[in-house]
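The chain contents come next:
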Amino acid sequence: MGRGRAKAKQTKVARQLKYANHNIDYDRLREELGADTRREEMYPPTAVEQEAERGR
């Protein structure tokens, strides 16, 4: 007994987190974390991309 209110609160918070519009500035976050913005470091080129570069 007594768990009803707690569960209702958890459900409410979960719905807010799930459906809220979170406007995240990914560029600012990247700067704050000190991440490099270059794609090559995050995602190394695949074999297909490497072949395409050689063909140019």
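Please refer to the structure higher up on the page.
In this text the structure is predicted, and so the values were computed from the model without any measurement. (Residues numbered from 1 in each chain as written. Predicted model: local features only at pLDDT ≥ 70, side-chain atom pairs only at ≥ 80, totals over all residues. Heavy atoms only, no water.)

Caption draft 1: Structural context of the overall build of the protein chain. Across its full length, the protein chain carries four helices and zero strands. The helix and strand sequence of the protein chain, counted from the amino end, reads α-α-α-α. Relative to its full complement of 56 residues, the protein chain shows a buried share of 0%. Total accessible area on the protein chain is roughly 5,900 Å²; 52% of this is exposed by carbon and sulfur atoms. (Helix = DSSP H or I, 4+ residues; strand = E, 2+ residues; numbered from the N terminus. Buried < 20%, exposed > 50% of the residue type's maximum accessible area, 1.4 Å probe, protein only. Areas by Shrake-Rupley, 256 points an atom, 1.4 Å probe, with all protein chains shown as cover.)

Caption draft 2: Layout of helix H2 (residues 26-33). Burial of H2 is sparse: only zero of the eight residues sit out of reach of the surface. One or two residues past the end of H2 sits glycine 34, with phi positive at roughly 75°.

Caption draft 3: A look at the pattern of salt bridges. For the structure on display, the rule yields two salt bridges. Taking the shortest distance from any N to any O, the salt bridge between arginine 30 and aspartate 27 comes out at 2.9 Å. Here arginine 30 pairs with aspartate 27, and both are found in helix H2, just three residues apart, close to one helical turn. Residue aspartate 27 is classed as partly exposed on the basis of its relative accessible area, which comes to 49%. (Salt bridge = Lys/Arg side-chain N within 4 Å of Asp/Glu carboxyl O.)

Caption draft 4: How the structure looks around the environment of glutamate 49. Its location among the elements puts glutamate 49 in helix H4 (residues 47-55). Glutamate 49 gets classed as partly exposed once you look at its relative accessible area, which sits at 32%. Reaching out from glutamate 49, the side chain makes a polar contact with the backbone nitrogen of threonine 46 at a distance of 3.1 Å. (Polar contact = N/O pair within 3.5 Å; in protein donor to acceptor, adjacent residues only side chain to side chain.)

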